[in-house]
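Letter by letter, the chains look like this.
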Amino acid sequence: WKEALETLPLSTKILINANDPALVFLGEHSLSEVTYFGVNDSRFKLKGVPHYADSLYCLNCAIVLRYKICYFSHVGVWSCPVCGRTTPPLSFEASHIRISKEEMTFRINKHEVTTKLMGIYNVYNLTAFFGLLRLLGIEEALSIPLFKNFEPHFGRQETFLIGNHPVKIFLSKNPTGFNVNLRL
């Protein structure tokens, strides 16, 4: 990934999840303009970094990273005790996450978002989408309604009825996604 990003034109804009230290490493070594998004909501933190975390070591100095907050896997508010790498400032920050049975609401910067998609990973997905639209020059007034009107399909939090009972399907492609879905 690092080598691929190095070949991009300098005019390229890159949007990176600041809560993922492996991705931030790529941004730190890119010559292109990098913008960061992420989550800042301690109510969704785990008690510690899970044993199935994908990346526990600083890619700069190979020391175990410290986490102030871990949301899932190795994603959270992190820092390296040796070289000082840390979660960069967020241009697009998700916070105030509230999940009910039917919808999820959260803020991206000052904008209230309502969606039928659930879970912390969808907060990341939608914050990335919001950031992408803003980087492309699409105003918030056009993007926010997209979140509310989106209907999940194909087993990705799809809801249907069996008799009078609502059933929701959660897709899990790996242990991290499975654990996040169980928490949800």
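In the block above lies the structure referred to throughout.
Described in the following lines is the structure provided in the data block. Just so we're clear, the structure is a prediction, and the values are computed from it rather than from any experiment. (Residues numbered from 1 in each chain as written. Predicted model: local features only at pLDDT ≥ 70, side-chain atom pairs only at ≥ 80, totals over all residues. Heavy atoms only, no water.)

## Side note on the layout of surface pockets
Thought 1: Roughly 700 Å³ of volume is contained in the largest pocket.
Thought 2: Along the wall of the largest pocket there are 29 residues; nearest its centre are Phe-72, Tyr-121, Asn-125, Lys-173 and Gly-177.
Thought 3: The set of elements that each furnish at least two residues to the lining of the largest pocket consists of α3 (120-135) and α5 (175-183).
Thought 4: No other element matches α3, which puts five residues into the lining of the largest pocket.
Thought 5: Split by residue class, the lining of the largest pocket holds 13 nonpolar, 12 polar and four charged.
Thought 6: For the lining of the second largest pocket, the secondary structure elements donating two or more residues are β8 (158-162) and β9 (165-169).
Thought 7: At three residues, β9 tops the list of elements feeding residues into the lining of the second largest pocket.
Thought 8: By residue class, the composition of the lining of the second largest pocket is three nonpolar, two polar and six charged. (1 Å grid on protein atoms, 1.4 Å probe; cavity = no way out; pocket = protein on both sides within 12 Å on 5 of 7 lines; lining within 4 Å. Points joined across faces, edges and corners; volume = space filled by probe spheres on them. Helix = DSSP H or I, 4+ residues; strand = E, 2+ residues; numbered from the N terminus. Nonpolar A, V, L, I, M, F, W, Y, C, P; charged D, E, K, R; others polar.)

## Remarks on the pattern of salt bridges
Thought 1: Here the structure, examined in full by the defined rule, presents seven salt bridges.
Thought 2: Put simply, Lys-2 and Glu-6 hold a salt bridge, and the shortest N to O gap is 3.0 Å. Residue Lys-2 and its partner Glu-6 are located together in helix α1 (residues 2-6), separated by four residues, close to a single helical turn.
Thought 3: With a closest N to O distance of 3.6 Å, Glu-139 and Arg-134 form a salt bridge.
Thought 4: Using a relative accessible area of 44% as the deciding quantity, one classes Glu-139 as partly exposed.
Thought 5: You can call Arg-134 partly exposed: its relative accessible area is 27%. (Salt bridge = Lys/Arg side-chain N within 4 Å of Asp/Glu carboxyl O. Buried < 20%, exposed > 50% of the residue type's maximum accessible area, 1.4 Å probe, protein only.)

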